[in-house]
Amino acid sequence: MFLELFFQYLVAGLTYGTIYAVVGIGFNIIYNTTGIINFAQGEFVMLGGMTAVSLHAFLPLPLAIAGAVLVTMAVGGLIEMLFIRWLVKPSVLRMIIITIGVSILIREGALHLWGEGIRSLPYFTGNEVSAIEIGGVRVSPQVLWALGVAAIVVLLLNVFFHYTMLGREMRACASNRDAAALCGIPTRNMVTLSFVVSAGIGALAGCVVSPITQTQYGIGAGLAIKGFTVAILGGLGNSMAAVGAGFILGILESFSIWVMPTAYKDAISITILLAMLFARPSGLFGNSEAARLKEF
Amino acid sequence: MFQRFRHITALAAAIAAVQLLTAATGKEFFLTQLTMAGYYTLVIIGLCLLMGYAGQISLGHAGFFAIGGYTSAVLTTVDLSAWKAAPAISLLAKSGILTGRADLYGGQILTVHPWAAFLCALCITIVVAFLIGVPVLKLKGHYLAMATLGFGTIIYSVVLATSRFGAADGISSVPAFPLLPGLAVTGGSSQRVANYYFAWLLVTVGMLLLINLIHSRVGRALRSIHGAEDAAGAMGVDAARYKLNTFILSAVYAAVAGVFLTHYNGGIGPSEASIMKSVRYVAIVAVGGMGSLWGTLIMSAVLNFLSLRGYFGTFDDAVFGSILIAVMLFSPEGVLKLDIRSLVGRWIRTDRKAGA
């Protein structure tokens, strides 16, 4: 019984960990090309889920999800072009405030468009009660979907960043913007692209977990903090480490329910974030020497 | 030197003029929102010192407001009469720290006196601000923003999860706060004018203190920290200490406002601790011009009044979001310093550059 419960919590932790990891990766992609922490990252997840639910009213599920991802990517690109592209060497404080403002606008827009109701996509395969037994533990097929999609996203991102011209150009832009510009890389377009990619994977994550965690207009802010925690845990800018950190946070949170009231679950991750920021801002897997050289 | 006092005198005159105007036009009910706007302004000028002068962002100031408000609300509503016999309680009751009063249903209850609760709230705020400030203020930029946002979120989720704090309903039936015989901080319409003046008196005094502070050695030190922290350190400015003290001072401003607004409204709810409130405070400081106490004061009075009167309707948060973006995009120095001509000039120049 005890062991069964343990695995059940573990699976729940992995599910939430997946979405935190994807949000964390989104933070990292934008941070790498721009040095900006995009406070509207969680809103992309919400936007993806909400749009997919709306599109699913008249489109089959795969098309609805694809449509939602495309719409969110467009929104991501638009945000960059409208609010960030034309600023000349903005200060960090200015960027923080602008992205916070953007997140408020998206959230309020969603509130007016979709209302306060909680929505969700149907389960991709089976329904709420269907479960697959793996060694005595009952796992919802949707959890496997979430894990699978996250794995594919990470894999594709890796391929994109290492083996395609565009991905390499983005990495060049991340490591040295001026040098990249001198090599003829359109750095501004790379920044836009980073917002588009980051919005796209956020939206995809929002669709995949929507059946399990539900989607509401206000979920973005909480996810942003979790995602940022994950990005910091893994070391800011390190996308692969964010996956590991996402699972760690998801599992810790999940087990915290065992010993503490559920309501304090959010406080746990933030406490971890604060502790991490104070003790080791370079992240669990990061290099503290390298982190010291970065401009925060 | 004298200009400072001219400004303060102008503020006092404006406060009186607004009251007379509402009386003359028969819109006395505006005073309720103006009073509330006054308390919010107190939070915001405190935050202005931290953001505009010391250059440290805080996305958790609603947390300090809530600590003040909730401490006072809990202490002045919790009924201790069941423990009347306990020596500690009876000692406190005799010394006047505890006070008996009739509750909503006429029953006699024993609660902490509002003044004692007020001092308690201040002490708790100072301790919390100190404990949070020491580690947090070592961080910069994004990390500082996220850490303070995290602090605000913790306060919000603790308030929301604790039944002692009324969870989602908040705490109601908070008693009036006695100031002088015949004068109390309460929402009753008989005390409306007096309360309006008291709230804005607090703002005026708070403003006077801040203005004196920024024109002193401390103010110059803070601005040097804002400009270049390392250089300030090299000149012998103890940056960490100055930042911490400023953080605590601005937290105290927020807590004082929280205590009095809670007594004025007769209650407090978790929305006062929400992230959106913190963001709103930051937005108003930004609109007022990061380093301009007077700009912030004016913007805070205007925007808070409009918002509290409900002129923004369901777009309340969206309005503040848009304001935040617009100010940061077009005029990071604040609306009052908006220079249209140079802005247009800059647009034309960047266009040319793009075209070339």
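See the structure printed just above.
The text that follows walks through the structure, step by step, so that each part is easy to find.

Conventions used here
- Residues numbered from 1 in each chain as written.
- Chains lettered and ligands numbered in written order.
- Predicted model: local features only at pLDDT ≥ 70, side-chain atom pairs only at ≥ 80, totals over all residues.
- Heavy atoms only, no water.
- Helix = DSSP H or I, 4+ residues; strand = E, 2+ residues; numbered from the N terminus.
- Rg over C-alpha atoms; globule rule 2.2 N^0.38 Å.
- Buried < 20%, exposed > 50% of the residue type's maximum accessible area, 1.4 Å probe, protein only.
- Areas by Shrake-Rupley, 256 points an atom, 1.4 Å probe, with all protein chains shown as cover.
- Lys, Arg positive; Asp, Glu negative; His and termini not counted.
- Charge placed at Lys NZ, Arg CZ, Asp CG, Glu CD.
- Contact = heavy atoms within 4.5 Å.
- Polar contact = N/O pair within 3.5 Å; in protein donor to acceptor, adjacent residues only side chain to side chain.
- Nonpolar A, V, L, I, M, F, W, Y, C, P; charged D, E, K, R; others polar.
- Salt bridge = Lys/Arg side-chain N within 4 Å of Asp/Glu carboxyl O.
- Core = buried A, V, L, I, M, F, W, Y, C linked by side-chain atoms within 4.5 Å.
- 1 Å grid on protein atoms, 1.4 Å probe; cavity = no way out; pocket = protein on both sides within 12 Å on 5 of 7 lines; lining within 4 Å.
- Points joined across faces, edges and corners; volume = space filled by probe spheres on them.

### Notes on the overall build of chain B
- Secondary structure summary: chain B contains 14 helices and 6 strands in total.
- Relative to its length of 356 residues, chain B is compact, with a C-alpha radius of gyration of 22 Å against a globular reference of 21 Å.
- Referenced to the eigenvectors of the C-alpha coordinate spread, the extents of chain B come out at roughly 85 × 50 × 45 Å.
- The proportion of buried residues among the 356 residues of chain B is 53%.
- Surface exposure of chain B reaches about 15,400 Å², of which carbon and sulfur atoms provide 67%.
- Treating the 24 positive side-chain charges of chain B as one cloud and the 13 negative ones as another, the clouds have centres 8 Å apart.

### What about the interface of chain A and chain B?
- Counting residues at the interface gives 39 residues for chain A and 39 residues for chain B.
- At the surface where chain A touches chain B, the tally comes to 3 residue pairs in polar contact (both at pLDDT 80 or more).
- Mapped by element, the contributors of at least two residues to the side of chain A that touches chain B are helix 3 (61–84), helix 4 (92–114), helix 9 (219–234) and helix 11 (265–279) of chain A.
- When residues in the side of chain A that touches chain B are grouped by element, the largest group, 14 residues, is from helix 4 of chain A.
- Grouping the amino acids of the side of chain A that touches chain B by side-chain chemistry returns 32 nonpolar, 4 polar and 3 charged.

### Topic: the pattern of salt bridges
Residue and element names in this part refer to chain B.
- This model, assessed by the stated rule, comprises 8 salt bridges over all chains.
- Residue Glu-229 pairs with Lys-243 through a salt bridge whose shortest N-O separation is 3.0 Å. Of this pair, Glu-229 sits in helix 9 (residues 229–234) while Lys-243 sits in helix 10 (residues 239–265); the two residues are 14 residues apart in sequence, bridging distant segments of the chain.
- Between Asp-317 and Arg-280 there is a salt bridge, with the nearest N and O atoms lying 3.1 Å from each other. Here Asp-317, found in helix 13 (residues 316–330), pairs with Arg-280, found in helix 11 (residues 275–288); they are 37 residues apart in sequence, far enough to count as distant.

### A short note on the nonpolar core
- Formed by 196 residues in total, the largest nonpolar core has its most connected members in A:Phe39, B:Tyr39, B:Ile45, B:Leu59, B:Phe260 and B:Leu293.
- Those residues in contact with B:Leu293 that sit more than four places away from it in its chain are B:Ile45, B:Cys48, B:Tyr53, B:Met207, B:Leu210, B:Ile211 and B:Ile214.
- Judged by nonpolar contacts, the second largest core, of 7 residues, contains B:Ile89, B:Leu98, B:Leu110 and B:Ala116.

### Details of empty space enclosed by the protein
- For the structure shown, the criterion picks out 2 cavities of 30 Å³ or more.
- Approximately 70 Å³ is the volume attributed to the largest cavity.
- Lining the largest cavity are A:Thr18, A:Ile19, A:Val22, A:Ala146, A:Val149, A:Ala150, A:Val153, A:Ile201, A:Leu204, A:Ala205, A:Val208 and A:Val209.
- Secondary-structure elements contributing two or more residues to the lining of the largest cavity are helix 1 (2–34), helix 5 (141–163) and helix 8 (187–213) of chain A.
- Per-element tally for the lining of the largest cavity: the top contributor is helix 8 of chain A, with 5 residues.
- Among the residues making up the lining of the largest cavity, the classes are represented as 11 nonpolar, 1 polar and no charged.
- Considered as a void within the structure, the second largest cavity measures approximately 30 Å³ in volume.
- What lines the second largest cavity is B:Phe65, B:Gly258, B:Leu261, B:Thr262, B:Asn265, B:Gly267, B:Ile268 and B:Glu272.
- For the lining of the second largest cavity, the secondary-structure elements that each account for two or more residues are helix 10 and strand 6 (267–268) of chain B.
- Sorting elements by how many residues they give to the lining of the second largest cavity places helix 10 of chain B first, with 4 residues.

Any link to function would need more than the numbers given here.
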